[in-house]
Amino acid sequence: ERTTVLGGATGLADSGAQYVTVTDDADVAEAHKPLYDSLAAAGVLVPMRGRIEGGRAADGGGTNYVAPQGVASIVERVFSMSSLSPCCSRRATALRHVAARGEEARSRWELTSADGRCEQFDG
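A short tour of the structure in this document, coming up. (Residues numbered from 1 in each chain as written. Predicted model: local features only at pLDDT ≥ 70, side-chain atom pairs only at ≥ 80, totals over all residues. Heavy atoms only, no water.)

Quick notes on the packing of helix 1 (residues 26–41) against helix 2 (residues 72–81)
The packing of two helices is summarised by the inter-axis angle and the distance between the axes.
Piece 1. Orientation of helix 1 relative to helix 2, taken along the N-to-C sense of each, is 110°, at an axis distance of 11 Å. Looking at the two axes, helix 1 sits roughly perpendicular to helix 2. Judged by the twist between their axes, the crossing of helix 1 over helix 2 is right-handed. Across from Leu 35, Ser 38 and Leu 39 in helix 1, the residues of helix 2 making contact are Ile 74, Arg 77, Val 78 and Met 81.
Piece 2. In the contact of helix 1 with helix 2, the residues fall into five nonpolar, one polar and one charged. (Axes fitted to C-alpha atoms, helices over the stretch in contact; angles between N-to-C directions. Helix = DSSP H or I, 4+ residues; strand = E, 2+ residues; numbered from the N terminus. Parallel < 35°, antiparallel > 145°, perpendicular 65-115°, else oblique. Left-handed = near helix turned anticlockwise from the far one by under 90°. Contact = heavy atoms within 4.5 Å. Nonpolar A, V, L, I, M, F, W, Y, C, P; charged D, E, K, R; others polar.)

Here is the structure:
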């Protein structure tokens, strides 16, 4: 398992993905603000207190959050907020970008799985 939540007398420690940083790209940060606000309001994300040692330039300068119940809780919450339903134990065999057609159409991604199913997703 890539991400593990370890418990002890002093609390929980997420030994996988330790924090989530809001991008410092203002347009992208604004577009994602409703998602961060929703996750914070639900207690899934909380502002991180403390310092990040060994930070990377790619981390940017945005707000840092932690997920007290582990990063998997972010995924669970996002799925519960959407009409998505995860599909497990399927192997993807092809991923293809499908160009937009028509004036109001959007480009899409087409995923083909080993069992022959083909599905399209917004992209």
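Back to the write-up after that little detour.
A word on the sheet that holds strand 6 (residues 92–98)
Piece 1. Overall, antiparallel pairing links the three strands, which are arranged 6-7-8 in an open sheet. Taken across any chain shown, the strands that pair with only one partner, and hence form the sheet edges, are strand 6 and strand 8 (118–122). Taken over all neighbouring pairs, the strand axes of this sheet differ in orientation by 20° on average, direction set aside.
Piece 2. Relative to strand 8, strand 7 (residues 108–113) runs antiparallel, the two sharing five bridges. Opposite Arg 108, over in strand 8, you have Asp 122 as the bridge partner. (Pairing = 2+ DSSP bridges.)

Topic: the packing of aromatic side chains
For any pair of aromatic rings, the description rests on two quantities: the centre-to-centre distance and the angle between the ring planes.
Piece 1. Counted according to the given criterion, the structure contains one aromatic pair.
Piece 2. Residues Tyr 36 and Tyr 65 carry aromatic rings whose centres are separated by 5.7 Å and whose planes lie at 20° to one another, so their mutual orientation is stacked. Taken together, the residues Tyr 36 in helix 1 and Tyr 65 in strand 5 (residues 64–66) connect sequence positions 29 residues apart.
Piece 3. Tyr 36 gets classed as buried once you look at its relative accessible area, which sits at 16%.
Piece 4. Residue Tyr 65 is classed as buried on the basis of its relative accessible area of 12%. (Phe/Tyr/Trp six-rings, centres within 6.5 Å; stacked < 30°, edge-to-face > 60°. Buried < 20%, exposed > 50% of the residue type's maximum accessible area, 1.4 Å probe, protein only.)

Some points on the nonpolar core
Piece 1. Counting nine residues, the largest nonpolar core is built from Val 22, Ala 29, Tyr 36, Leu 39, Val 44, Leu 45, Tyr 65, Ala 67 and Ile 74.
Piece 2. Among residues more than four places away in sequence, those in contact with Val 22 are Ala 29, Tyr 36, Gly 62, Thr 63 and Tyr 65. (Core = buried A, V, L, I, M, F, W, Y, C linked by side-chain atoms within 4.5 Å.)

Details of unusual backbone geometry
Piece 1. In this model, Ser 89 sits at a positive phi of 60°, which is unusual for a non-glycine residue.
Piece 2. As for its placement among the helices and strands, Ser 89 is situated in the loop between helix 2 and strand 6.

With respect to the pattern of salt bridges
Piece 1. Enumeration according to the criterion identifies five salt bridges in this entry.
Piece 2. Residue Arg 90 pairs with Glu 119 through a salt bridge whose shortest N-O separation is 2.9 Å. Taken together, the residues Arg 90 in the loop between helix 2 and strand 6 and Glu 119 in strand 8 connect sequence positions 29 residues apart.
Piece 3. Among the ionic pairs, Asp 115 bridges to Arg 117, the shortest N-O distance being 3.1 Å.
Piece 4. For Arg 117, a relative accessible area of 44% translates into the label partly exposed. (Salt bridge = Lys/Arg side-chain N within 4 Å of Asp/Glu carboxyl O.)

Considering helix 1
Helical geometry note: an α-helix holds 3.6 residues per turn, so side chains three or four residues apart project in the same direction.
Piece 1. Look at helix 1: 21 Å from first C-alpha to last across 16 residues, which is about the 22 Å you get at 1.5 Å a residue.
Piece 2. A maximum bend of about 50° is found in helix 1 at His 32, where proline Pro 34 lies one to four positions downstream.
Piece 3. Within the sequence span of helix 1, burial applies to Ala 29, Tyr 36 and Leu 39.
Piece 4. Buried positions along helix 1 lie against strand 3 (20–21), strand 5 and helix 2.
Piece 5. Here helix 1 starts with a cap whose side-chain oxygen sits 3.1 Å from the backbone nitrogen of Asp 27, and that cap is Asp 25.
Piece 6. Backbone geometry just downstream of helix 1 places Gly 43 in the positive-phi region, at approximately 80°. (Expected span 1.5 Å × (residues − 1). Bend = angle between axes of the 7 residues up to and from the residue. Polar contact = N/O pair within 3.5 Å; in protein donor to acceptor, adjacent residues only side chain to side chain.)

Read these as layout, nothing more, since geometry by itself doesn't imply function.
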